[in-house]
Amino acid sequence: MDKQNHCGRVALIGPPNAGKSTLLNALLGQKITIVTPKPQTTRNQIVGILSEGDDQAIFLDTPGLTEQHGRLSKTMTQAIWSTLREADILVLVIDGNLYVRNQELLETDLGPLIKALSVDERSMVLVVNKIDLFADKNLMLPLFVKLNEIWPKAEIFPLSALAKDGLDELRKLILKKLPVGEFEFPKDQVSTQPVRFMVAEIIREKLFLYLRQEVPYGVAVDIEAWDEGAEGEQTIIHALIYVAKAAYKGMIIGHGGATLKKIGSEARAEIQELLEQKVHLELWVKVRDHWTEDPAFLRDIGLLTEGG
Ligand SMILES: Nc1nc2c(ncn2[C@@H]2O[C@H](COP(=O)(O)OP(=O)(O)OP(=O)(O)O)[C@@H](O)[C@H]2O)c(=O)[nH]1
Ligand SMILES: [Mg+2]
C-alpha cells in the first residue's frame, strides 16, 4: 500500500503572553517569531513549518486575543479570526500559572473563544503552558477540571514551552491529527516570513525588551535600505523606527544615545546569526503621529493585508 502524506494548518491561539510564540519556536527548534515578557508582542500571523517524514504541519502563530480598540488592534484581531477559520487543528494556549491562581479570569479572557469554539467540530488541543512554575503539579487539577467543563472534547495538554518539557509528545499528537494531503511547502522551508521582515521583528523585539510601559506599543520598524555588499563583506542595513508620539523618540534614544545603542548592538548580533554574515546596522527614530491608526502605513509595513 502506498504511504500517504499528511499536511495541515495548526492555529496557535490564546490570550496575550500565554507563550504561543515561545511554543512555536520550541516546536520548530528555531526562532521564527519574537518573544517578550510584554503582552501583545505578536502583531500579525506568523507561519512556521514543521516537516517530519510524511507529515507537514503549518503552524500559524497569532497575536493574543484581547478586547482593545484602535486600528492596529483591529488588524491584530482580524489576524486571529482569519487564522482560526483556515486551521485544520486548533491549539489553544493558555498560561496555566495565571489561571490556576485566578480561575475566575478564565471565562473573562477566553469568553470570545469559548463562544466561537463551543460548536466547532475540529480537533482541539488545549495547551496549559508554564507548568515549570509549579513544583506541585496537583495544584493544577482544579484548572483541568474547569477546562474540561468548558471544552469537553478538547485534549488537555500541560507543558512548558520555555523548559521544553512535553514538546515531543505535543509534536507527535499534532502530527497524528493532520489531514491527508500533499506538502504545501518544500521540506526544508521553516517559515514564510521574508528575511527583511524577520530582521525588522528582531529590532522590534529588542525595543520591547528595553523600553518600559506603553512605549513599545507605539513603535513600528521598517527596513529602509539593505545592501548586501560584496562577498565576505558586511551587509548594511538601515532601519527606521517609527514612533507614534514625539515623547517616545527621546526614550528610545536614551541618555547620550545609550538605549538605542544597546538595542542596536543586541539586534545586530542576532541579525548576524540569522544571516550568517557580518552586519552593519543603522537605526533611525522618526516620529509619525498616530501611525497605529493609519491604514496606508499599516499596509506599508506589512501589518495590514486585506481591506481595512
Ligand atoms: N515560566 C515560563 N514562562 C514562559 C513559558 N512560555 C513562555 N513564557 C514566557 O512568557 C512570556 C510571553 O511569551 P510569548 O511567547 O511572547 O507569549 P505570546 O503568547 O506569544 O504573547 P503575545 O504575542 O503577546 O500574544 C515570555 O516572557 C516567555 O519567556 C513557560 O513555559 N514557562
Ligand atoms: Mg506572540
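Residues numbered from 1 in each chain as written. Chains lettered and ligands numbered in written order. Predicted model: local features only at pLDDT ≥ 70, side-chain atom pairs only at ≥ 80, totals over all residues. Heavy atoms only, no water.

On to the environment of Leu-147. Its location among the elements puts Leu-147 in helix H5 (residues 141-150). In sequence terms Leu-147 and Ile-13 are 134 residues apart; their C-alpha atoms lie 16 Å from each other. Not counting residues within four places of it along the chain, the set of residues in contact with Leu-147 comprises Ile-94, Leu-106, Leu-126, Val-128 and Ile-156. (Helix = DSSP H or I, 4+ residues; strand = E, 2+ residues; numbered from the N terminus. Contact = heavy atoms within 4.5 Å.)

We now examine the packing of aromatic side chains. To describe a pair of aromatic rings, you give the distance between the ring centres and the angle between the ring planes. Overall, the coordinates contain 3 aromatic pairs when judged by the stated rule. Aromatic pair Phe-208 and Tyr-217: ring centres 5.4 Å apart, planes at 85°, arrangement edge-to-face. Using a relative accessible area of 1% as the deciding quantity, one classes Phe-208 as buried. Between Trp-291 and Phe-297, the aromatic rings sit 5.6 Å apart at their centres with planes inclined by 65°, giving edge-to-face as the arrangement. In this structure Trp-291 comes out as buried when scored by relative accessible area, which is 0%. Among the residues examined, Phe-297 registers a relative accessible area of 3% and is labelled buried. An aromatic cluster is defined as three or more aromatic residues linked by ring pairs; in this entry it consists of Tyr-242, Trp-291 and Phe-297. (Phe/Tyr/Trp six-rings, centres within 6.5 Å; stacked < 30°, edge-to-face > 60°. Buried < 20%, exposed > 50% of the residue type's maximum accessible area, 1.4 Å probe, protein only.)

Our focus in this paragraph is the domain arrangement of the protein. Looking at the assigned domains, one finds that the protein contains domain 1 (6-177) and domain 2 (195-300). Relative to domain 2, the C-alpha centre of domain 1 lies at a distance of 28 Å. Listed by partner, the interface residues are 17 residues for domain 1 and 22 residues for domain 2. Here domain 1 meets domain 2 over a buried area of about 1,500 Å², counting both sides, of which 55% is carbon and sulfur. On inspection of domain 1 and its partner domain 2, the count reaches 2 salt bridges. The shortest N-O distance in the salt bridge between Lys-31 and Glu-270 comes to 2.7 Å. Residue contributions to the side of domain 1 that touches domain 2 peak at 3 residues, all from helix H2 (residues 71-86). Within the side of domain 1 that touches domain 2, the residues separate by chemical class into 7 nonpolar, 6 polar and 4 charged. (Domains from an automatic or database assignment. Buried area = accessible area lost by both parts, 1.4 Å probe. Salt bridge = Lys/Arg side-chain N within 4 Å of Asp/Glu carboxyl O. Nonpolar A, V, L, I, M, F, W, Y, C, P; charged D, E, K, R; others polar.)

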